[in-house]
Amino acid sequence: MNNKFDNFNFDTLAVRAGQQRTAESEQSEPIFPTSSYVFASAAEAAARFSGEEPGNIYSRFTNPTVRTFEQRLAALEGGERCVATSSGMSAILSTFMALLQSGDHIVSSRAIFGTTSVLLTNYMTKFGVETSFVDLTDLDSWAKAIKANTKLLFLETPSNPLTEVADIQALADLAHQHDCLLVVDNCFCTPALQRPFELGADIVIHSATKYLDGQGRCIGGAVVGKEDIVGADVYGFLRTAGPTMSPFNAWVFLKGLETLRLRMEAHCRNAQLLAEWLVDHPNIKHVYYPGLVSHPQHALAAKQQKGFGGVLSFEVVGGKQAAWKVIDATGMISITANLGDVKSTITHPATTTHGRLTPEQRADSGINDSLIRVAVGLEDIEDLKTDLARGLDKL
Ligand SMILES: *Cc1c(COP(=O)(O)O)cnc(C)c1O
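Because the structure is a prediction, the values reported are computed rather than measured.

Focus: the overall build of the protein
Counting its secondary structure elements, the protein contains 15 helices and 12 strands. Taken over the C-alpha trace, the protein has a radius of gyration of 22 Å; the compact-globule value for 395 residues is 21 Å, and the two agree within 12%. Seen along its three principal axes, the alpha-carbon backbone of the protein occupies a region of about 75 × 50 × 35 Å. Across the 395 residues of the protein, 55% fall into the buried class. Look at the contacts in the protein between residues 6 or more apart in sequence, and 72% of them connect residues 24 or more apart. A total accessible area of about 16,800 Å² is found for the protein, and carbon and sulfur atoms account for 52% of it.

Details of the site of the ligand
The local shell around the ligand consists of Ser87, Gly88, Met89, Phe113, Glu156, Asp185, Cys187, Phe188, Ser207, Thr209, Lys210 and Gly220. Between the ligand and the protein, one listed contact pairs an oxygen atom with a side-chain N or O atom of Ser207 at 2.9 Å. Judged by the proximity of its atoms to the pocket grid, the ligand belongs to the second largest pocket. When its residues are assigned to classes, the shell around the ligand shows four nonpolar, five polar and three charged.

Brief notes about the domain arrangement of the protein
Each domain of the protein was delimited in the assignment, giving domain 1 (3-258) and domain 2 (260-392). At the boundary of domain 1 with domain 2, total buried surface from both sides reaches about 3,100 Å², with 58% on carbon and sulfur atoms. Three residues, Leu162, Leu193 and Tyr211, lead the burial of domain 1 against domain 2; their summed loss comes to 25% of the area buried on that side. Along the contact surface separating domain 1 from domain 2 lie one salt bridge. Taking the shortest distance from any N to any O, the salt bridge between Arg261 and Asp11 comes out at 2.5 Å. At the junction of domain 1 and domain 2, the tally comes to 14 residue pairs in polar contact (both at pLDDT 80 or more). Broken down by secondary-structure element, the contributors of at least two residues to the side of domain 1 that touches domain 2 are helix 1 (10-16), helix 5 (114-123), helix 7 (168-177), helix 8 (190-193) and helix 10 (247-258).

Re the pattern of salt bridges
Per the counting criterion, the structure on display carries 14 salt bridges. One salt bridge connects Lys255 with Glu29, and the closest N-O pair in it is separated by 2.7 Å. Taken together, the residues span a long stretch of sequence, with Lys255 in helix 10 and Glu29 in the loop between helix 1 and helix 2 (42-50) at a distance of 226 residues. For Glu44, the salt bridge is made with Arg48, and the minimal N-O distance between the two is 3.5 Å.

Describing the nonpolar core
One finds Phe69, Leu274, Leu278, Leu312, Phe314, Val316 and Ile372 to be the most contacted residues of the largest nonpolar core, which totals 65 residues. The element that contributes the greatest number of residues to this core is helix 11 (residues 260-279), accounting for seven residues. Counting only domains with at least three residues in this core, you end up with domain 1 (3-258) and domain 2 (260-392). Ala91, Phe96, Leu99 and Ile112 belong to the second largest nonpolar core, which has 25 residues in total.

Brief notes about the side chain of His206
Relative to the helices and strands, His206 resides in strand 6 (residues 203-207). Here His206 is in contact with Leu73, Glu77, Gly88, Ala91, Asn186, Cys187, Thr190, Pro191, Leu212, Gly220, Gly221 and Ala222, once residues within four sequence places are set aside.

Focus on the sheet that holds strand 8 (residues 284-288)
One open sheet holds the five strands; their spatial order is 8-9-12-11-10, and the pairing between them is mixed. Two strands lie at the open edges of the sheet, namely strand 8 and strand 10 (334-335), each paired on one side alone. Pairing between strand 11 (residues 345-347) and strand 12 (residues 371-375): three bridges, direction antiparallel. Across the sheet, Thr345 pairs through a bridge with Ala375, a residue of strand 12. Together, strand 8, strand 9 (311-316) and strand 12 form the strand contacts of helix 11, whose direction differs from that of strand 9 by roughly 10 degrees.

Side note on the sheet that holds strand 4 (residues 150-156)
The seven strands are arranged 1-7-6-5-4-2-3 in an open sheet whose pairing can be described as mixed. Only two strands of the sheet have a single partner each, and these edge strands are strand 1 (81-85) and strand 3 (130-134). Direction aside, the axes of adjacent strands within the sheet are offset by 20 degrees on average. As paired elements, strand 6 and strand 7 (residues 221-225) share five bridges and run antiparallel to each other. Looking across to strand 7, one finds that Val204 is bridged to Val224. The strands that helix 4 (residues 88-99) touches are strand 1, strand 2 (105-109), strand 4, strand 5 (181-185), strand 6 and strand 7; relative to strand 6, the one it contacts most, it runs at about 150 degrees. The sheet contacts of helix 5 involve strand 2, strand 3 and strand 4, and relative to strand 3 the element is tilted by about 135 degrees.

Criteria and cut-off values
Residues numbered from 1 in each chain as written. Predicted model: local features only at pLDDT ≥ 70, side-chain atom pairs only at ≥ 80, totals over all residues. Heavy atoms only, no water. Helix = DSSP H or I, 4+ residues; strand = E, 2+ residues; numbered from the N terminus. Rg over C-alpha atoms; globule rule 2.2 N^0.38 Å. Buried < 20%, exposed > 50% of the residue type's maximum accessible area, 1.4 Å probe, protein only. Contact = heavy atoms within 4.5 Å. Areas by Shrake-Rupley, 256 points an atom, 1.4 Å probe, with all protein chains shown as cover. Near = heavy atom within 4 Å. Polar contact = N/O pair within 3.5 Å; in protein donor to acceptor, adjacent residues only side chain to side chain. 1 Å grid on protein atoms, 1.4 Å probe; cavity = no way out; pocket = protein on both sides within 12 Å on 5 of 7 lines; lining within 4 Å. Sits in = over half its atoms within 2 Å of the grid points. Nonpolar A, V, L, I, M, F, W, Y, C, P; charged D, E, K, R; others polar. Domains from an automatic or database assignment. Buried area = accessible area lost by both parts, 1.4 Å probe. Salt bridge = Lys/Arg side-chain N within 4 Å of Asp/Glu carboxyl O. Core = buried A, V, L, I, M, F, W, Y, C linked by side-chain atoms within 4.5 Å. Pairing = 2+ DSSP bridges. Axes fitted to C-alpha atoms, helices over the stretch in contact; angles between N-to-C directions.

So, in structure tokens, the structure goes:
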């Protein structure tokens, strides 16, 4: 696919890849709100249905706006094929349903998006797929957890909310030694900062809801990988089960991709400045951000990523009351659990995103009551500091 764009670089692909101008000669990509497509004849309909002739049949299978988004994201990740889905969770579900069967086993990082861990423990288990959870950064524990029936290794890096960084290359090598696939949820970095296929990953997953949209408007997701895996198995599940991306959302996301690198650089710049300011604040116990030289995987992040990302977290002096006080004292930053938005967001993981974990699970994950996560947006850095200082200075 996309042969026309093979020789272009990232910034060109971001604004051009996947566009197929119609007879109207439009400059901007059109939205195709149509559920089905019309055939010239009964014979053409038959040929399309049998697969003899390529082309659109029904928008649960393919839609031109969705295809543009898919081709553009595949080009940016450097993957052969992308399948867009209705949400990040349906991208993850579609991958599992397409590639696993009863009796299979997954090894997953413990530090993954909360809903992904609920999917694995409460739902995939109903279909006979078991998961072992391991420490993201401890390669030995990954190796020890792999069994004869292990099919997938699953991770996010940097992790949420503690920003631990996994060695993708080392985990890809480990996966391949055991004939497993390495699946990386690349939501936090996006291809603008991290390209997991270059490090050996087999499948890249996105919640397009976050940075790909970038302005907090739509829910969507994507699976990227090889034609024979994503193009055959994952697409086969999607067109059958139906968690399809809408053309309106695909349009928002494909326009988001055009400014992705610029936005990610600005998110990283603001997050770095905010992290450095927080480190020096007397009422902060610890700051988690891969861009700080004190971060345990700072060197790995510098090697593996083009930037350190837009999400950071920090522990305040005092417990839950102190953390809530800082959050409630903000006047500008949005109190919401979403991230990847130009508007900064602030959240208390222990009572929101990680509230469903037991206290022991939370302690295991290192998420204590004094922890606050900020997904740093694109507001003026001095205004961000002022907003956080309102509560921090009074602890
Ligand atoms: C938000 C998120 C998801 C789930 O995506 P939805 O679009 O909300 O379904 C998956 N993984 C990560 C890392 C996320 O942040």
